[in-house]
Structure formats: structure tokens, C-alpha cells
Amino acid sequence: MTMLSPFPAPFAPTLLWNARLLMIERATDDAKACAQWYSQLLGDPVIRLAPDVWQVRGTDRWMLFRTGAKKTVPLIAFAFQTHDQWASYRTHLKLIELALHPVAPELQALFGEATFAVRDPDNRTVLFCVAPSATESTAPSLPDGDPLTITGTSAPAEPRTARMQHFVCASMQTDAMLEFYRDVLGFMESDRVVDTDGDLSSAFVRSDAEHHSFAVFRAPHTGPDHQAYELPNWNAIRDWADHCGDLEIPLWWGPGRHGVGNNLFFMIEDPDGYKVEFSTELEIMTPDQAYREWPHGPRALNLWGNAWMRS
Ligand SMILES: [Fe+2]
């Protein structure tokens, strides 16, 4: 990967600003079964995009599933609100000579021509596209021309509101990850958590007014940490917890209130033990607001009690 120059300073928020996390790709040893688990959780239909690629698609929450290393997230996708903004961002990344990669055919069919990808220091693919509502692309079809396969689902008559909002990864190189997402991709740094000696424990970055759409936690391994859905209010936290109870999915952590981000939350585990978070009241920040620094400790993670310490 070649990076000749950092993102221009001061940061021009129009280049990345308002890009939102839209999709996360989960690899696992039984992609269809994992997709069906999320379909039941979210009430969204399962769509077969390719012989071994499945999508669970809600209005503002997309997930992709394919067979691969268990409990991994090899790709995350951010969507711009307009094609012009996507094109300007792509032009900028080409100017700084960041390597841009084509995407898999089923993703090209899904997102249309306005799609490219980059690789972060942990070799995760970060895809940039245009929000589906802003495109005129037709529904995807299998490469061989077969129609979509939509499986049965327990979708409720009124799908529950839960917008795909952020992804967090575990990494053995938090400094390099922060520098890439902030200085190369142009995310804004919102908060960092540091040890007493100044070492970076975790970093939270935003691509719109919401406190973070991506974060990295220091860990003794590299991999996904969790994904989160943002809910409209505290009552929705109750309703989703009740829904998980109905599905006999136990709460894994919470409810609580994160110190960093100030959001209310609870977490569950999917069949691989990968964490899924439901959140509300995530802090809203201005584009030019400077980052804050937190001491590494439980209160950064949960003001209400126990904390999940990654390192
Ligand atoms: Fe989170």
C-alpha cells in the first residue's frame, strides 16, 4: 500500500463527511445458517447473491455472509449520500496514490459502478459506495442470471428500527490504524483512550456528526470486535432486549452507558461469539470538534458498572 501524503490539513469535511456505515461482511463456516440467524434477529429477508454469498438486507442495515475464516469481518462498507461526493472522494484518494481495488462481482452488482475499495493496515477491505436510495441501480441478480433466492423469514409486519451505525475492530497496531483512518481516509478523531505512559489503547473516529462510525481497540489479536445498531431512544433498547429475550438470546453485556460516546447500550453474541451491540443516545459532535483523551480504565467503557476490557 502506498501513501504519499496525508489527508490535507485542515480537514475538509465535505470529502468524507456524512458517509455512513451501511454494510458489514461476516465470514463464517456456514454462511447460510449465520445469515438466517441474523434474519431472525433483525426481521430482514435473506437474499442469495451468489452460490455461497448471502445477504440480510434491511432498509438501512445490510449484512453479507460468505464461507470463510470463522468469526471474521473481512469487509465493511461506507455509503455516500450523493454520487458527486463519492466521486470527489475517489478522486482525492487517487491523487494521494492510495491503492484502490475493484470489488467482487456480486458486490459490483449490489452497489453498481460507483464502488471501490481500499485495504486498511490490518488488511480489512473498506468499501465506499453511494447510498442505495441515491442510486438508480436495479435489484441485484446472480452472475449466471438466476433470479434472487429469498428465503423464508420471521420478519415482523413492522420491522424494528435499528440503523447500522458503527463497526469496531481489535488490532495489534492501534496507532497505525488510527493514522490510516484519520490521516488517509479522512475520518475525524473523536476520542482516544490512553495508558498512563501515553500508549494508545483505543481510538474512536467519526464520518458524520455521530461520535464514531469506526473504532479500534488494542488487543493481543487482530479481528472484529463488534458492530452496532443505533436505536431512536431508550424505549427501543427495552424493546430490542425483549425481542432478544423472545428469541432466547441472552444479553452478554449491559445495559450500561459507555463513557466514550456516552451511549446507552447492550450487547449480545452471534453464533460465532462475535458481539452485536444495540445503542442509543450516541454523542453528537460538530465537524471541527477536537478529540478528547480518556484514561484507560473501566469508566471509559461503562459508567454504570462492569466493563469488557480488551487489554
Ligand atoms: Fe460499540
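As shown above, the structure is provided for reference.
Just so it is clear, the structure is predicted and the values come from calculations on it, not from any experiment.

Definitions and cut-offs
Position numbers for residues start from 1 in each chain and track the written sequence from start to end. Residue-level local features of this predicted model are given only where pLDDT is at least 70; pairs of side-chain atoms are given and counted only at 80 or more, and the full residue set underlies all totals for whole chains, interfaces and linings. Here the side-chain values reflect all heavy atoms present in the structure, with hydrogen atoms and water set aside. Here a donor is any nitrogen, oxygen or sulfur atom (N, O, S) within 2.8 Å of the metal, with 3.2 Å used for Na, K and Ca; water is not among the atoms considered, so some sites may look incomplete. The helix and strand labels rest on DSSP assignments: H or I over at least four residues marks a helix, E over at least two residues marks a strand, and numbering proceeds from the N terminus. Using a 1.4 Å probe on the protein chains alone, a residue whose accessible area is under 20% of its type maximum counts as buried, one over 50% counts as exposed, and one in between counts as partly exposed. Strand pairing is assigned whenever DSSP detects at least two bridges linking the two strands. Convention adopted: a line fitted to C-alpha atoms gives each axis, helices being fitted over their contacting stretch, and angles between N-to-C directions are expressed from 0 to 180 degrees. The contact criterion used is simple: two residues touch if any of their non-hydrogen atoms lie within 4.5 Å. Stacked, edge-to-face and tilted are the three classes for Phe, Tyr and Trp ring pairs, Trp counted by its six-membered ring, which pair at centre distances within 6.5 Å; planes under 30 degrees apart are stacked, over 60 edge-to-face, the rest tilted. Any N or O atom pair separated by 3.5 Å or less is treated as a polar contact, with the protein-specific requirement of one donor-capable and one acceptor-capable atom, and with residues adjacent in sequence counted only for side-chain atom pairs. Roughly parallel refers to an angle under 35 degrees, roughly antiparallel to one over 145, roughly perpendicular to one between 65 and 115, and oblique to any angle outside these ranges. The residue classification treats Ala, Val, Leu, Ile, Met, Phe, Trp, Tyr, Cys and Pro as nonpolar and Asp, Glu, Lys and Arg as charged. All others, Gly included, are polar.

Caption draft 1: Inspection of the coordination of the iron ion at higher detail. On the protein side, the iron ion has His166 (NE2), His226 (NE2) and Glu277 (OE) as donor atoms, found 2.0 to 2.1 Å from it. Counting gaps between the donor residues of the iron ion yields the pattern H-x59-H-x50-E. Linking histidine 166 in strand β9 (residues 163-171) with histidine 226 in strand β13 (residues 223-230), this pair joins segments that are 60 residues apart in sequence. Take histidine 166 and histidine 226: they sit in the same class, and that class is buried.

Caption draft 2: Layout of the sheet that holds strand β10 (residues 188-194). An order of β14-β15-β16-β13-β9-β12-β11-β10-β17 is seen for the 9 strands of this open sheet, with the pairing classed as mixed. Each end of this open sheet is capped by a strand with a single partner; those strands are β14 (253-257) and β17 (292-295). Neighbour-to-neighbour, the strand axes of this sheet turn through a mean angle of 20°, independent of strand direction. With 5 bridges connecting them, β9 and strand β12 (residues 214-218) associate as parallel partners. Residue pairing across strands places cysteine 169 opposite valine 216, the latter belonging to β12. Where helix α4 (residues 174-184) meets the sheet, its contacts fall on β9, β10, β11 (200-206) and β12, and the angle it forms with β11 comes to roughly 15°. The sheet strands contacting helix α5 (residues 234-246) are β14, β15 (264-269) and β16 (275-280), and the helix crosses β15 at an angle near 15°.

Caption draft 3: Examining the packing of aromatic side chains more closely. Under the criterion given, the structure shown has 23 aromatic pairs. On the numbers, 5.3 Å between centres and 75° between planes, the contact of phenylalanine 78 with phenylalanine 187 is edge-to-face. Of this pair, phenylalanine 78 sits in strand β5 (residues 72-80) while phenylalanine 187 sits in the loop between α4 and β10, placing them 109 residues apart in sequence. Summarising the burial analysis for this pair, phenylalanine 78 and phenylalanine 187 share the class buried. Pairing tryptophan 86 with phenylalanine 116 gives two aromatic rings, centres 5.8 Å apart and planes at 50°, and the pair type is tilted. Within this pair, whereas tryptophan 86 is found in helix α2 (residues 83-95), its partner phenylalanine 116 is found in strand β6 (residues 115-119), the two being separated by 30 residues in sequence. Residue class for phenylalanine 116 comes out buried when judged on its relative accessible area of 2%. In this structure an aromatic cluster arises from ring pairing among Phe78, Phe80, Trp86, Tyr89, Phe116, Phe128, Phe167, Phe180, Tyr181, Phe187 and Phe214.

Caption draft 4: Here's a closer look at the side chain of serine 39. Following the sequence through the fold, serine 39 ends up in helix α1 (residues 31-42). Looking at serine 39, its side chain comes within polar contact range of the main-chain oxygen of aspartate 44, at 2.6 Å.

Caption draft 5: Quick peek at the packing of α1 against α5. α5 packs onto α1 with a crossing angle of 130° between their chain directions and a minimal axis gap of 10 Å. Taken as axis vectors, α1 and α5 run oblique relative to one another. Of the residues in α5, those in contact with Gln40, Leu41 and Leu42 of α1 are Trp240, His243 and Cys244. Residues of the contact of α1 with α5, tallied by class, amount to 4 nonpolar, 2 polar and no charged.

Caption draft 6: Representation of the environment of asparagine 263 in the model. When you line up the elements, asparagine 263 lands in the loop between β14 and β15. Considering only alpha carbons, one finds asparagine 263 and histidine 211, 52 residues apart in sequence, at a separation of 9.4 Å. Apart from residues no more than four positions distant in its own chain, asparagine 263 is found in contact with His166, Gly256, Arg257, His258, Glu277, Ser279, Thr280, Glu281 and Leu282.

Caption draft 7: Spotlight on unusual backbone geometry. Across the junction of glycine 254 and proline 255, the peptide omega takes the value 10°, indicating a cis bond. Examined against the element boundaries, proline 255 turns out to sit in strand β14. The phi angle at asparagine 262 is positive, at roughly 60°, despite the residue not being glycine. Secondary-structure assignment places asparagine 262 in the loop between β14 and β15.

By themselves, these are just geometric observations and shouldn't be taken as functional.
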